[in-house]
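For reference, the chains in residue letters:
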Amino acid sequence: DEETPILPKTSKKRSYLEDEDEEEPAGSHDPNFGGEMKNLLESFGADISKTLSAKRKRLEMFTQSAVKASNHKVENTWMTQHSERTKLSTEYQTQVQAVMNQWDSDIQKFKDQEEKLQNLFKQQQKLFQQQRIIQSQRLKTLRQLHDQYTKGMEELEQCHQDQQGSMQGELRKEMALLQKKIL
């Protein structure tokens, strides 16, 4: 950190006794004393202003970088969470669509078979039973996929809440450090 420069001493300190012994008549003060004192005070003022200005600039830069870093962390976390949710949803949609396509295909096959086998009642009965089993399996698969999706979303949500809580804790610590540095 920047230090206040030390100015060379321009006058000699005198003791109280010396002042009493050397009482000067009125108007005999050193005429340069006022000018020197004025220059000394102005240089102190300029040095203090420079120091305060430099500290203010450093504080602004530090604050801006802390805010930028925090924003970057929040944005990265949000993007990661969004990506994870999107990936899980896409996988679920793909799996459901595949099962739905299979189901549609199965239904179409069933209809085709029904037309061909109307005269064969016993075979048709067997086909009905088979289709019921297949459909119940598809429905069971859909339920399992839904359960997996729901569970995955709950776990992901809990994970994201934990991440957000952790990040908020870190941000609080950083803010506290920033506040300490500011003060």
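Keep in mind that this is a model prediction, so the values were computed, not measured.

Reading the values: the criteria
Each chain carries its own residue numbering, running from 1 in the direction its sequence is written. Given that the model is predicted, a residue must reach a pLDDT of at least 70 before its local features are reported, and side-chain atom pairs must reach 80 or more before they are shown or counted; all residues, however, enter totals for whole chains, interfaces and linings. No hydrogens and no water enter the side-chain calculation; it runs on all heavy atoms of the structure. Counting from the N terminus, the helices are DSSP H or I runs at least four residues long and the strands are E runs at least two residues long. Remark: exposure states derive from per-residue accessible area (1.4 Å probe, protein chains only) relative to the maximum for the residue type, with buried under 20%, exposed over 50%, and partly exposed in between. Areas reported here follow the Shrake-Rupley algorithm with a probe of radius 1.4 Å; residue values treat only the protein chains shown as occluding. Only heavy atoms enter the contact rule, under which two residues are in contact if any of them lie within 4.5 Å. The term salt bridge refers to a side-chain nitrogen of Lys or Arg lying within 4 Å of a carboxyl oxygen of Asp or Glu. Here, patches come from residues exposed beyond 30% relative accessible area and free of salt bridges, joined within 9 Å for like charges and within 5 Å for nonpolar side chains (Val, Leu, Ile, Met, Phe, Trp, Tyr). Scored from 0 to 100, pLDDT reflects the predictor's confidence in each residue.

1. Focus on the overall build of the chain
Moving on, step 1. Helix and strand counts for the chain stand at three helices and zero strands.
Moving on, step 2. Secondary structure elements in the chain, listed N-terminal to C-terminal, are α-α-α.
Moving on, step 3. A burial count over the chain gives 11% of its 183 residues as buried.
Moving on, step 4. By element, 55% of the accessible surface of the chain is carried by carbon and sulfur atoms, the whole surface being about 15600 Å².

2. Thoughts on the environment of Gln93
Moving on, step 1. Within the fold, Gln93 resides in helix H2 (residues 31-116).
Moving on, step 2. A sequence separation of 56 residues divides Gln93 from Tyr149, and the C-alpha atoms of the two residues are 9.8 Å apart.

3. Points about the side chain of Ser70
Moving on, step 1. For Ser70, the position within the fold is in helix H2.
Moving on, step 2. Residue classification places Ser70 among the buried residues on the basis of a relative accessible area of 14%.
Moving on, step 3. Discounting chain neighbours no more than four positions away, the residues touching Ser70 are Leu171 and Glu174.

4. Quick notes on the pattern of salt bridges
Moving on, step 1. For the structure shown, the criterion picks out three salt bridges.
Moving on, step 2. One salt bridge in this structure joins Lys73 and Glu170, with 3.7 Å as the shortest N-O distance. Here Lys73, found in helix H2, pairs with Glu170, found in helix H3 (residues 121-182); they are 97 residues apart in sequence, far enough to count as distant.
Moving on, step 3. For Lys73, a relative accessible area of 32% puts it in the partly exposed group.
Moving on, step 4. The class of Glu170 is partly exposed, set by a relative accessible area of 38%.
Moving on, step 5. Lys73 serves as the salt-bridge partner of Glu174, at 2.8 Å between the closest nitrogen and oxygen. A residue pair is termed long-range when its members are at least 10 positions apart, and Glu174 in helix H3 and Lys73 in helix H2 qualify at 101 residues.
Moving on, step 6. Since its relative accessible area comes to 29%, Glu174 is described here as partly exposed.
Moving on, step 7. Here the salt bridges share partners, and the residues they tie into one network are Lys73, Glu170 and Glu174.

5. Overview of a nonpolar patch on the surface
Moving on, step 1. On the surface, Met37, Leu41, Phe44, Ile48 and Leu52 cluster together into a nonpolar patch covering about 470 Å² of accessible area.
Moving on, step 2. Along the chain, the position of Ile48 falls in helix H2.
Moving on, step 3. Assessed through its relative accessible area of 49%, Ile48 is described here as partly exposed.

6. Let's talk about the environment of Thr141
Moving on, step 1. When you line up the elements, Thr141 lands in helix H3.
Moving on, step 2. Put simply, Thr141 and Val99 are 42 residues apart on the chain and 8.0 Å apart in space, counted from C-alpha to C-alpha.

7. Overview of the confidence of the model for the chain
Moving on, step 1. The predicted model of the chain averages 81 in pLDDT, with 81% of residues at 70 or higher.
Moving on, step 2. The secondary structure element of the chain with the lowest average pLDDT is helix H1 (residues 16-21), at 46, and the one with the highest is H3, at 89.
Moving on, step 3. Counting interchain partners and residues more than four positions distant, the pLDDT-below-50 stretch residues 7-28 has seven contacts.

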